Amino acid sequence: ELAILSTWGDPFYVGLSGVEVFDAEGAPVRVPGHRVRAEPADVNTLAGYEGDPRTADKLVDGHPYTCDDLHAWLAPFERGRAHAVALDLGAEVAVALVRLWNYNKNRAHSYRGVRLCELRLDGRSVFRGELRKAPGMMGDPAACSELILFTMDPAVLAKLEAHDRAAFAAAEGGQEGGGGGGGGSGDLAEAMARKLTEELAAQRPATGERAGSVLKKAAPLVDPAQPSYEEALRDLGASAQLRASSRPRTSAQVPPAHAAAAHLPPQRAGTLGAIDE
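Scoring rules and cut-offs
- For every chain, the first residue of its written sequence is number 1, and the numbers climb from 1 along that sequence.
- Side-chain atom pairs in this predicted model are given and counted only at pLDDT of 80 or more, local residue features only at pLDDT of at least 70, and totals for whole chains, interfaces and linings cover all residues.
- Side-chain figures throughout are based on the complete set of non-hydrogen atoms in the structure, without hydrogens or water.
- Numbered from the N terminus, helices here are DSSP runs of H or I no shorter than four residues, and strands are runs of E no shorter than two.
- Burial here depends on accessible area, computed with a 1.4 Å probe over protein chains only, as a share of the maximum for the residue type. Under 20% is buried, over 50% is exposed, and the range in between is partly exposed.
- Areas reported as accessible are Shrake-Rupley estimates using a 1.4 Å probe. Residue values count occlusion only from the protein chains shown.
- Buriedness of a pocket was judged along seven lines, with at least five required to meet protein on both sides within 12 Å; pockets are open sets of points on a 1 Å grid over the protein atoms alone, cavities are sets where a 1.4 Å probe fits but cannot get out, and lining residues have an atom within 4 Å of a point.
- Grid points are joined across faces, edges and corners, and a volume is the space filled by probe spheres set on the points.
- Put simply, Ala, Val, Leu, Ile, Met, Phe, Trp, Tyr, Cys and Pro go in the nonpolar bin, Asp, Glu, Lys and Arg in the charged bin, and everything else, Gly too, in the polar bin.
- Here a strand pair is declared whenever DSSP counts at least two bridges between the two strands.
- Geometry is summarised by axes, namely lines fitted to C-alpha atoms with helices restricted to the contacting stretch, and by angles between N-to-C directions that run from 0 to 180 degrees.
- Throughout, nonpolar core names a set of buried Ala, Val, Leu, Ile, Met, Phe, Trp, Tyr and Cys residues whose side chains join them through atoms within 4.5 Å.
- Polar contacts here mean pairs of N or O atoms no more than 3.5 Å apart (in protein, one a potential hydrogen donor and the other a potential acceptor; neighbouring residues in sequence count only if both atoms are side-chain atoms).
- What makes two residues a contact is simply this: any of their non-hydrogen atoms within 4.5 Å.
- By convention, a stacked pair of Phe, Tyr or Trp rings (six-membered ring in the case of Trp) has centres within 6.5 Å and planes under 30 degrees apart, an edge-to-face pair has planes over 60 apart, and any other such pair is tilted.
- When the NZ atom of lysine or the CZ atom of arginine is within 6 Å of a ring's centre and also within 35 degrees of its normal, the charge is said to sit over that ring.

If you check an unreviewed UniProt entry, the chain appears there as KATNIP domain-containing protein from Heterosigma akashiwo.

> What is the right way to look at the overall build of the chain in this model?
Across its full length, the chain holds four helices and 10 strands. Walking the chain from its N terminus toward its C terminus, one meets helices and strands in the order β-β-β-β-β-β-β-β-β-α-α-β-α-α. In the chain, which comprises 277 residues, the proportion classed as buried is 46%. Put simply, the chain shows about 12900 Å² of open surface, and 51% of that area lies on carbon and sulfur atoms.

> Would you take a moment to explain the layout of surface pockets for this structure?
In this approach, a probe sized like a water molecule rolls over the atoms, and the result shows the empty space that is left. In this model, the largest pocket occupies a volume close to 510 Å³. Along the wall of the largest pocket there are 22 residues; nearest its centre are Leu87, Leu89, Arg120, Leu121 and Asp122. Of all elements in the fold, only β2 (13–23), β5 (83–87), β6 (95–102), β7 (116–121) and β8 (124–130) reach the threshold of two or more residues within the lining of the largest pocket. Tallied by class, residues from the lining of the largest pocket come to 14 nonpolar, two polar and six charged.

> Any chance you could explain empty space enclosed by the protein here in plain terms?
Evaluation of the coordinates by the stated rule reveals two cavities of 30 Å³ or more. Counted as a void, the second largest cavity has a volume near 30 Å³. Surrounding the second largest cavity, Ser17, Thr66, Cys67, Asp68, Asp69, Ala72, Tyr103, Asn104 and Lys105 form its lining. Residues that form the lining of the second largest cavity fall into these classes: three nonpolar, three polar and three charged.

> Looking at this structure, I do not really get the sheet that holds β6. What am I missing?
Neighbouring strands of a sheet are bound in pairs by backbone hydrogen bonds; such pairs are parallel or else antiparallel. Reading across the sheet, the four strands line up as β4-β2-β6-β9 and stay open at both edges, with antiparallel pairing between neighbours. The sheet terminates laterally at β4 (73–76) and β9 (145–149), the two strands that pair on one side only. Going across the sheet, the axis of each strand differs from the next one's by a mean of 30°, ignoring polarity. Relative to β9, β6 is paired through five bridges, and the arrangement is antiparallel. When the sheet's bridge partners are listed, tryptophan 101 is paired in β9 with serine 145.

> Could you clarify how one ought to interpret the nonpolar core in this entry?
Buried together is how nonpolar side chains tend to be arranged in soluble globular proteins. Judged by nonpolar contacts, the single largest core of 27 residues is most densely connected at Trp73, Val85 and Leu119. Sorting the residues of this core by element identifies β1 (2–4), β2, β3 (36–39), β4, β6, β7 and β8 as the ones contributing at least two each. Tallying contributions element by element places β2 first for this core, with four residues.

> Would you mind going over the side chain of histidine 83 with me for this structure?
Along the chain, histidine 83 turns up in strand β5. For histidine 83, a relative accessible area of 3% gives the class buried. Of note is the side chain of histidine 83, whose polar atom sits 3.1 Å from the backbone nitrogen of glutamate 78. Dropping the residues within four chain positions of it, histidine 83 is found in contact with Leu2, Ala3, Ile4, Glu39, Pro40, Pro76, Phe77 and Glu78.

> What is the right way to read the packing of aromatic side chains from this model?
The geometry of an aromatic ring pair is captured by two quantities: the separation of the ring centres and the angle between the planes. With the rule as written, the count across this model stands at one aromatic pair. With a centroid separation of 6.1 Å and 45° between ring planes, the pair formed by tyrosine 65 and tryptophan 101 is classed as tilted. Highlighted residues: tyrosine 65 in the loop between β3 and β4 and tryptophan 101 in strand β6, separated in sequence by 36 residues. Like tryptophan 101, tyrosine 65 is buried. In this structure, arginine 115 packs its charged tip against the face of tryptophan 8, placed 4.2 Å from the ring centre. When the ring centre of tyrosine 13 is taken as reference, the NZ or CZ atom of arginine 247 above it lies at 5.6 Å.

> Honestly, the pairing of β7 in this entry has me stumped. Any pointers?
Of the strand pairs in this sheet, β1 and β7 are connected by three bridges, and their pairing is antiparallel. Opposite isoleucine 4, over in β7, you have cysteine 117 as the bridge partner. The sheet contact formed by β7 and β8 spans six bridges and is antiparallel. Of the residues in β8, the one forming a bridge with leucine 121 is arginine 124.

What follows is the structure, encoded as structure tokens:
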């Protein structure tokens, strides 16, 4: 279970683009959508919403690297209220890695992503810290995700790296949906392999520490050059949102062809909410 404690600045909504779990053999754990639950469930719990595609099952649909509303989860956020996402793995699993993909719709809406959170496995806290804010664009999958490692076994790590190379090479070749992007051949795969290597160096236990212990962030991941939520909205001409005293309406931005394929209500196709421009 992922307990969500804060967003990157948006006071009304919180979202994620994906959750990946890998077992002790370095293989991805497949979780069907009906085994994912969230609290609040999604934006459809709000009055006046029906059929919005940004539901919790999208977190495990296999397309976490995306700017597409059809492959993301979004829910209302209220300070002081409990917010969480839970996955039922269906069986006992030795977990080697959890990868969390933050909300990445666009620059302004990336501030709806999760910031502070706590990850629990079977009720035990295994991580409490800050998730990287996604950039709100495609190009660098490593900038959109956070790795939480539970092993230093070289054989397992090699399998994790091989998985990323294959998965993101396929994405570059157009075999994976959820939005393309990136540079030339092999760039995405190399970026993810490099990210895994960097995380290993950062999280490797120091002398005297026990491998597999609870992993925590030693320092915030805030980029000093990164604009604040308020600055980003002003730059995008959405400064009116800063004066909003009530929750603005949000609509999924879905191309009409995708909406038809996903059997969404016509009013959802290609529409934009007050801040979704």
